[in-house]
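Observations on the model geometry
One-letter residues, chain by chain:
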Amino acid sequence: MFNSKFYLVIVSFIIFLLPVSSVTNFAQAQNSDWYGAITAGQGDVSDNDFDESSSTSFYLGNRYARKSAYEFGYIDLGEFDLKGFSDSYVEITGFEISGLGIARIGESSEFFGKFGIFFWESDGEALGNSVDGDDDISLLLGVGANIPFSQSVGLRLELVDYLDVDDEDIINLSIGLFLKF
């Protein structure tokens, strides 16, 4: 019923949650800090047969410890056109759940590493005809930085590699705003 990738993702997620749950009680975390982010960027498929695409994403996260956070996000990676064919493309969207490890840079800026799972769906068109898409679960790895303008608003820079999405890796570079609640 489920493929081996499904079990790998579930085991990875459980391994991530074990230290999180032992370090803090989410309901009573003293360092709790909710935030949201909206970004725009550009994605590139590892297969050179596709053009780059524009992306948008939305995140909701919680900084449950000084050096750790978790995020839920939605990303539209956009339409990747097949080079040389104006009527052939694949569009990829999905939801992600990620854990972040955070390190301070200077007095207020932060650098983060990101690991998570990506629940994606692809749709497309080939030579003007609709193509039934696919959906699956993949891993994601990323790095980024949060550079605050004030205590509650700042700039977010991020580079994420979505691994094995529709048999290709997609690297997405984005920039946007974050807001602490």
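Computed from a predicted structure; not experimentally measured. (Residues numbered from 1 in each chain as written. Predicted model: local features only at pLDDT ≥ 70, side-chain atom pairs only at ≥ 80, totals over all residues. Heavy atoms only, no water.)

Digging into the confidence of the model for the chain
- Chain-level pLDDT for the chain is 84 on average; 82% of the residues reach the 70-or-more range.
- The low-confidence segment residues 20-32, where pLDDT is below 50, has 13 contacts with residues more than four positions distant or belonging to other chains. (pLDDT = per-residue confidence, 0-100. Contact = heavy atoms within 4.5 Å.)

Examining the sheet that holds strand β1 (residues 34-45)
- Spatially, β1-β2-β3-β4-β5-β6-β7-β8 is the arrangement adopted by the eight strands of the closed barrel, whose pairing is antiparallel. Sheet twist, expressed as the average angle between the axes of neighbouring strands with direction ignored, equals 25°.
- Pairing of β1 with strand β8 (residues 168-180) involves 11 bridges; the strand directions are antiparallel. Bridging from a neighbouring strand, Gln42 pairs with Leu173 of β8. (Pairing = 2+ DSSP bridges. Helix = DSSP H or I, 4+ residues; strand = E, 2+ residues; numbered from the N terminus. Axes fitted to C-alpha atoms, helices over the stretch in contact; angles between N-to-C directions.)

Remarks on the layout of surface pockets
- The calculated volume of the largest pocket comes to roughly 230 Å³.
- Around the largest pocket sit 15 residues that line it, and Tyr89, Val90, Gly124, Glu125 and Val131 are the ones nearest its centre.
- Only β4 (89-105), β5 (109-126) and β6 (129-148) provide two or more residues apiece to the lining of the largest pocket.
- If you tally residues by element for the lining of the largest pocket, the top one is β5, at five residues.
- Residues that form the lining of the largest pocket fall into these classes: six nonpolar, four polar and five charged. (1 Å grid on protein atoms, 1.4 Å probe; cavity = no way out; pocket = protein on both sides within 12 Å on 5 of 7 lines; lining within 4 Å. Points joined across faces, edges and corners; volume = space filled by probe spheres on them. Nonpolar A, V, L, I, M, F, W, Y, C, P; charged D, E, K, R; others polar.)

Regarding the side chain of Ser57
- By the element assignment, Ser57 lies in strand β2 (residues 53-65).
- Residue Ser57 is classed as buried on the basis of its relative accessible area, which comes to 1%.
- Leave out the neighbours within four places in its chain, and Ser57 touches Ala37, Ile38, Thr39, Tyr74 and Ile75. (Buried < 20%, exposed > 50% of the residue type's maximum accessible area, 1.4 Å probe, protein only.)

A look at a nonpolar patch on the surface
- Together, Ile105, Phe111, Val143, Leu159, Ile171 and Leu173 make up an exposed nonpolar region whose accessible area comes to about 510 Å².
- The residue Val143 is located in strand β6 in this model.
- You can call Val143 partly exposed: its relative accessible area is 38%. (Patch = residues over 30% accessible without salt bridge, like charges linked within 9 Å, V, L, I, M, F, W, Y side chains within 5 Å. Areas by Shrake-Rupley, 256 points an atom, 1.4 Å probe, with all protein chains shown as cover. Salt bridge = Lys/Arg side-chain N within 4 Å of Asp/Glu carboxyl O.)

What to know about empty space enclosed by the protein
- Here the structure, examined in full by the defined rule, presents two cavities of 30 Å³ or more.
- If you go around the largest cavity, the residues you meet are Asp33, Tyr35, Arg63, Leu100, Ile102, Glu110, Asn146, Arg156, Phe178 and Lys180.
- Mapped by element, the contributors of at least two residues to the lining of the largest cavity are β4 and β8.
- Of the residues contributing to the lining of the largest cavity, the split by class is four nonpolar, one polar and five charged.

Some thoughts on the pattern of salt bridges
- Counting across every chain of the model gives seven salt bridges.
- For Arg156, the salt bridge identified is with Glu71, shortest N-O distance 2.8 Å. One end of the pair, Arg156, is in strand β7 (residues 153-165); the other, Glu71, is in strand β3 (residues 68-81), and 85 residues separate them in sequence.
- A relative accessible area of 1% places Glu71 in the buried class.

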